[in-house]
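Per-entry structural report
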Amino acid sequence: MPREYLRDPSGRVLGSLEDNSVSGRIEARDAAGRRLGYYDKKLNETRDAAGHLISKGNVLPGLVLFQ
């Protein structure tokens, strides 16, 4: 999947989501490209950049919006 950009109402890029089909993960990055966390499709878990469990399910958009 190509990179999907998350924007605020004025069009400013807040971050992005990128699906890596090889690893089975979707990665979240901030506007500067720093990794914020990832969603593991197989485990149905969202983890932060340090690997700590944040939530079951995909909450990556919230991770980008409330960084």
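Refer to the structure above for everything that follows.
Read on for an overview of the structure. Please read all numbers here as calculations on a predicted model, not as lab measurements.

**Quick notes on the nonpolar core**
In terms of nonpolar packing, the biggest core is built from 10 residues, these being Leu6, Leu14, Leu17, Ile26, Ala28, Leu36, Tyr39, Leu60, Leu63 and Val64. Going through the elements one at a time, β2 (13-20), β3 (25-30), β4 (35-40) and α1 (60-65) are the ones with two or more residues in this core.

**Thoughts on the packing of aromatic side chains**
Counted under the stated rule, the structure contains 0 aromatic pairs. For arginine 25, the ring lying beneath its charged end belongs to tyrosine 38, and the centroid distance is 4.0 Å.

**Considerations on the pattern of salt bridges**
Pairs can form between side chains of opposite charge whenever their charged atoms are close. Tallying each qualifying case throughout the model produces 9 salt bridges. As a salt-bridge pair, arginine 47 and glutamate 45 come within 3.1 Å of each other at their nearest N and O atoms. Residue arginine 47 is classed as partly exposed on the basis of its relative accessible area, which comes to 22%. Of the charged contacts in the structure, one is a salt bridge between glutamate 45 and lysine 56, with a shortest N-O distance of 3.0 Å. In this pair, glutamate 45 is assigned in strand β5 (residues 45-48) and lysine 56 in strand β6 (residues 53-56), connecting sequence segments 11 residues apart. Glutamate 45 sits in the buried class, given a relative accessible area of 10%. A relative accessible area of 55% means that lysine 56 is categorised as exposed. One network of salt bridges, in which partners are shared, links Glu27, Arg29 and Arg35.

**Observations regarding the sheet that holds β2**
Across the sheet, which stays open at both edges, the 6 strands sit in the order β1-β2-β3-β4-β5-β6 with antiparallel pairing between neighbours. Sheet topology places β1 (4-7) and β6 at the edges, where each strand pairs with a single neighbour. Between one strand axis and the next, the sheet turns by 20 degrees as a mean value, whatever way the strands run.

What counts as what
- Residues numbered from 1 in each chain as written.
- Predicted model: local features only at pLDDT ≥ 70, side-chain atom pairs only at ≥ 80, totals over all residues.
- Heavy atoms only, no water.
- Core = buried A, V, L, I, M, F, W, Y, C linked by side-chain atoms within 4.5 Å.
- Buried < 20%, exposed > 50% of the residue type's maximum accessible area, 1.4 Å probe, protein only.
- Helix = DSSP H or I, 4+ residues; strand = E, 2+ residues; numbered from the N terminus.
- Phe/Tyr/Trp six-rings, centres within 6.5 Å; stacked < 30°, edge-to-face > 60°.
- Lys NZ or Arg CZ within 6 Å of the ring centre and 35° of its normal.
- Salt bridge = Lys/Arg side-chain N within 4 Å of Asp/Glu carboxyl O.
- Pairing = 2+ DSSP bridges.
- Axes fitted to C-alpha atoms, helices over the stretch in contact; angles between N-to-C directions.

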